[in-house]
Amino acid sequence: MASLQLCDGYLLSKPSVSPRFRLPQRISHRLIPKASASPPPPPSSSSSLSLTRRDLLYQSAAVSLSLSSICAPAKADEQLSEWERVFLPIDPGVVLLDIAFVPDEPSRGFLLGTRQTLLETKDGGNTWAPRSIPSAEEEDFNYRFNSISFKGKEGWIIGKPAILLYTADAGENWDRIPLSSQLPGDMVFIEATGEKSAEMVTDEGAIYVTSNKGYNWKAAIQETVSATLNRTVSSGISGASYYTGTFSAVNRSPDGRYVAVSSRGNFFLTWEPGQPYWQPHNRAVARRIQNMGWRADGGLWLLVRGGGLYLSKGTGISEEFDEVPVQSRGFGILDVGYRSEEEAWAAGGSGILLRTRNGGKSWNRDKAADNIAANLYAVKFVDDKKGFVLGNDGVLLRYVG
């Protein structure tokens, strides 16, 4: 039942609400996305059972947003420093996982999350509307959509349980592409690379490429990470013998290089196009790794559990890192996103937002999300003018500069 609170988030070939619950007669238009259709009218007793779970979910979310606006109307339009919160027509328990825009239609984008969450915007991210894909609703699964990517008008979505969706018309229509049941691991990342082409990664380190809309895939790597570690365990990689066979995080650079963090956070791995297998690396810090990614200059950033931030020395792949002082208030930092080579933002637990304007040498806390009770998991910049921070409980922040 939705909470109604008054005045207070290898080889590859879905909270319910009672149907009798009626929406209030007046809904605050300030909180209902302009791009979305108005919620359906309350069902009559004779047709109440015909409502789908998705209909009920969106009605419940609309009621919750409406009551929030009654309690504190100013907060909906409140600009938080250089970020503003965008209220979404979804259940508060949803964790947002990825976002992407169509290069050929820059105002059109898609937002993914848990509980089969898929939202669409047609105004650059100001407002969002629920989007349904019939081919993803034919089975009684509650998909977790993990990753989305576009190239031109072609786009890809992957999720768990294993599902692959493809569009050739900027997301107007989505086709479901069949996948082999022998896929090693769960798909965690996909990158659109060209016409009918994409690159996909699983949490077991398998990397596949396709050039025919996903109907056939070719392995880009010769062995799994587990096999690599079995070969190199005697080469001095600390913690390799405890490896459980999966990644906890993986990030791709614009030029196709990957960095991944082992599930326990005790070492990291890298891969570059053309290499036959992943290259394991010792971590050069005492605490375990939370996440890693690529700086705008080609170097690496590294986050450790407990809030520490490190930058690699120089550009490219390195095992030498320098710690940078940050004001994390004891909360963990979970992701870093670069707006330019000099400016980047870091986000983390309990609404932590940090910014650097000098390439990461120093970071200052931005109080934008201090009053938002949510963990911020991902920072995504489409370009220097369009950026988003994704969190749990359906929290989405939009960069307004």
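Quick caveat: nothing in here was measured; it's all calculated off a predicted structure. (Residues numbered from 1 in each chain as written. Predicted model: local features only at pLDDT ≥ 70, side-chain atom pairs only at ≥ 80, totals over all residues. Heavy atoms only, no water.)

Caption draft 1: Structural view of the overall build of the protein chain. Helix and strand counts for the protein chain stand at two helices and 29 strands. Burial analysis of the protein chain (401 residues in total) assigns 53% to the buried set. Put simply, the protein chain shows about 18100 Å² of open surface, and 46% of that area lies on carbon and sulfur atoms. (Helix = DSSP H or I, 4+ residues; strand = E, 2+ residues; numbered from the N terminus. Buried < 20%, exposed > 50% of the residue type's maximum accessible area, 1.4 Å probe, protein only. Areas by Shrake-Rupley, 256 points an atom, 1.4 Å probe, with all protein chains shown as cover.)

Caption draft 2: How the structure looks around the sheet that holds strand E19 (residues 289-294). Taken in spatial order, the four strands line up as E19-E20-E21-E22 in an open sheet, and their pairing is antiparallel. Because the sheet does not close on itself, it has two edges, and the strands there are E19 and strand E22 (321-324). Averaged over all neighbouring strand pairs, the angle between strand axes comes to 25°, with direction disregarded. Summarising the sheet, strand E20 (residues 300-304) and strand E21 (residues 309-312) pair through three bridges and their orientation is antiparallel. Opposite Leu303, over in E21, you have Leu309 as the bridge partner. (Pairing = 2+ DSSP bridges. Axes fitted to C-alpha atoms, helices over the stretch in contact; angles between N-to-C directions.)

Caption draft 3: Main features of the packing of aromatic side chains. Applying the stated criterion across every chain yields a total of 19 aromatic pairs. Summarising the aromatic geometry, the rings of Phe101 and Phe388 are spaced 5.6 Å apart at their centres and angled 20° between planes, so their arrangement reads as stacked. On the criterion of sequence distance, the pair formed by Phe101 in strand E3 (residues 96-102) and Phe388 in strand E28 (residues 387-391) is long-range, its members being 287 residues apart. For Phe388, a relative accessible area of 1% puts it in the buried group. Arranged with centres 5.8 Å apart and planes meeting at 25°, the rings of Phe110 and Phe150 form a pair that is stacked. A residue pair is termed long-range when its members are at least 10 positions apart, and Phe110 in strand E4 (residues 105-113) and Phe150 in strand E7 (residues 144-151) qualify at 40 residues. (Phe/Tyr/Trp six-rings, centres within 6.5 Å; stacked < 30°, edge-to-face > 60°.)

Caption draft 4: Representation of the sheet that holds strand E5 (residues 117-121). The strand order across the open sheet formed by four strands is E3-E4-E5-E6, and the pairing between neighbours is antiparallel. Every interior strand has two partners, whereas the edge strands, E3 and strand E6 (129-130), have only one. When E4 meets E5, the two strands line up antiparallel, connected through five bridges. In the sheet register, Gly109 faces E5, and the bridge partner there is Thr121.

Caption draft 5: The arrangement of the side chain of Asp98 in detail. You can see Asp98 is positioned in strand E3. For Asp98, a relative accessible area of 7% translates into the label buried. Within the local environment of Asp98, its side chain forms a polar contact with the backbone nitrogen of Ile148, the two atoms lying 3.0 Å apart. The contacts of Asp98, once residues within four sequence positions are left out, are Phe110, Leu111, Leu112, Asn146, Ser147, Ile148, Lys380 and Leu390. (Polar contact = N/O pair within 3.5 Å; in protein donor to acceptor, adjacent residues only side chain to side chain. Contact = heavy atoms within 4.5 Å.)

Caption draft 6: The arrangement of the pattern of salt bridges in detail. A complete count under the given rule lists 19 salt bridges for this structure. A salt bridge links Arg257 to Asp255, with the shortest nitrogen-to-oxygen separation between them at 3.2 Å. For Arg257, a relative accessible area of 12% translates into the label buried. Linking Asp384 and Lys385 is a salt bridge whose minimum nitrogen-to-oxygen distance equals 3.8 Å. (Salt bridge = Lys/Arg side-chain N within 4 Å of Asp/Glu carboxyl O.)

Caption draft 7: Inspection of unusual backbone geometry at higher detail. Following Lys160, the chain continues to Pro161 via a peptide bond in cis, the omega torsion being -5°. Here Pro161 shows up in the loop between strand E8 (154-160) and strand E9 (163-167). Phi is positive for Lys213, close to 70°, though the residue is something other than glycine. Mapped onto the secondary structure, Lys213 falls in the loop between strand E13 (207-210) and strand E14 (218-219).

Caption draft 8: Region of interest: the nonpolar core. With 16 residues, the main nonpolar core has Phe145, Ile148, Ile157 and Trp174 as its most contacted residues. Elements represented by at least two residues in this core include exactly E3, E4, E7 and E9. At three residues, the largest contribution of residues to this core is made by E7. Core analysis: the second largest hydrophobic core is formed by 15 residues, Trp83, Ala347, Leu353 and Ala369 among them. (Core = buried A, V, L, I, M, F, W, Y, C linked by side-chain atoms within 4.5 Å.)

Caption draft 9: Summary view of the pairing of E19. Of all the six residues making up E19, five are buried; the element is thus mostly covered by neighbouring parts of the structure. Sheet topology places E19 next to E20; five bridges connect them, and they run antiparallel. Residue Trp294 lies in a different strand from E20, and its bridge partner there is Leu300. Taken together, E19 and the strand that follows it, E20, pair antiparallel across an intervening segment of five residues, in which Gly298 is found at a positive phi of about 95°.

Caption draft 10: Up close: the environment of Pro161. Exposure remark for Pro161: the relative accessible area of 32% places this residue in the partly exposed category. With 20 residues separating them along the chain, Pro161 and Phe141 place their C-alpha atoms 7.7 Å apart. Those residues in contact with Pro161 that sit more than four places away from it in its chain are Phe141, Asn142 and Tyr143.

Caption draft 11: The arrangement of the side chain of Ser312 in detail. Its location among the elements puts Ser312 in strand E21. A distance of 2.9 Å separates a polar side-chain atom of Ser312 from the backbone nitrogen of Leu300. Excluding residues within four positions of it along the chain, Ser312 makes contact with Arg295, Gly299, Leu300, Ser318, Glu320 and Phe321.

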